[in-house]
Structure formats: structure tokens, C-alpha cells
Amino acid sequence: MSQTQQISPDTADTTEVDDRPRLPAMLRGWRGKCPSCGGGHLLHGYLKVNDDCAVCRQEFHHHRADDGPAYLTILLVGHLLAPGLHIAFVVWRPEPLTLFTIFAVGCTALSLYLLPRLKGAMIGFQWAKKMGGFGNAT
């Protein structure tokens, strides 16, 4: 085929130009900041998402984090603490109540630490990939 192919502006692939950087957006969300500008707060309270950013006015009300952060928290905590529980039991053989207490406190503390951070990271991911209503906003 010796003819050159004309590409109209309507069919041009613009995904490279329009992509938002995913990792910085997720890191900003992890820190509880706006994934767009990094200046405003993403969350107020423990898990309540602000309706919009106070700095850049990016809307957050249409996020769809839902059960994803809780699922990821359970997945990470389980995969981190289960081997630790096994190793502690095999190596030191502590009393069952001692083992339970240490790992119950560890599981609770790690879950409480990870849950809001994973929620922010998930909202940052959704913003970067223009999922849901984030595709319409700047």
C-alpha cells in the first residue's frame, strides 16, 4: 500500500496526551491530599470524602471507592500478619492468650492505619484513569 493514510482529528489517538499521571495521584491520595493539585484535603474525619477540593475545586462526590479499600486492607493485613503469626508460634511458642493479644492489637492497628490511606489511593487511581465522573472534570 503506497498511499499515505490520512488521520482525521476525530480519530486520532489522544490517550497519550490526556493521561493523568497515576503514581503521583495515588501518592497524593495516600497522603490524604487532592489527587489533582495535592494541596487540598481529600478526607475529613476518618473516612468521609470531601465533596470537592478547597484549593482547585476538583469534585470528589462521584468517587466509587465503595468496598475496595476495605478489601485491600483485609488482603494486605492478612498477608502481612499470617506469616508473622506462624513464625512467632513455631519459633517462640508463646502462650495462646499472649499470641492472640499481640496479633489482635497488631491487626487492628495496621487496619486502622491502612484503611483511609488505601481509600485515598483508590480515589487517586480513579481520578488518574478518569473513572466515573472524574473524566468530565479537569
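Look a little higher up for the structure.
Described below are features of the structure shown in this document. Not measured: the values here are computed from a predicted model.

**Overview of the overall build of the protein**
Next, step 1: When its secondary structure is counted, the protein shows four helices and two strands.
Next, step 2: When its helices and strands are written in sequence order, the protein yields α-α-β-β-α-α.
Next, step 3: Relative to its full complement of 138 residues, the protein shows a buried share of 28%.
Next, step 4: In the protein, of all internal contacts separated by at least 6 residues, the share reaching a separation of at least 24 is 57%.
Next, step 5: Carbon and sulfur atoms form 62% of the exposed surface of the protein, whose accessible area is close to 9,600 Å².

**A look at the environment of H41**
Next, step 1: Looking at where H41 falls in the secondary structure, it is placed in the loop between α2 (22–30) and β1 (43–44).
Next, step 2: Residue classification places H41 among the partly exposed positions, given a relative accessible area of 49%.
Next, step 3: Beyond its immediate stretch of four places on either side in the chain, H41 contacts G32, K33, N50 and F60.

**Brief notes about a nonpolar patch on the surface**
Next, step 1: The grouping of I87, F89, V90, V91 and W92 at the surface amounts to a nonpolar patch, some 530 Å² of accessible area in total.
Next, step 2: Checked against the element boundaries, V90 lands in helix α3 (residues 68–92).

**Details of the side chain of T73**
Next, step 1: With respect to the helices and strands, T73 occurs in helix α3.
Next, step 2: A relative accessible area of 5% places T73 in the buried class.

Rules used throughout
- Residues numbered from 1 in each chain as written.
- Predicted model: local features only at pLDDT ≥ 70, side-chain atom pairs only at ≥ 80, totals over all residues.
- Heavy atoms only, no water.
- Helix = DSSP H or I, 4+ residues; strand = E, 2+ residues; numbered from the N terminus.
- Buried < 20%, exposed > 50% of the residue type's maximum accessible area, 1.4 Å probe, protein only.
- Contact = heavy atoms within 4.5 Å.
- Areas by Shrake-Rupley, 256 points an atom, 1.4 Å probe, with all protein chains shown as cover.
- Patch = residues over 30% accessible without salt bridge, like charges linked within 9 Å, V, L, I, M, F, W, Y side chains within 5 Å.
- Salt bridge = Lys/Arg side-chain N within 4 Å of Asp/Glu carboxyl O.

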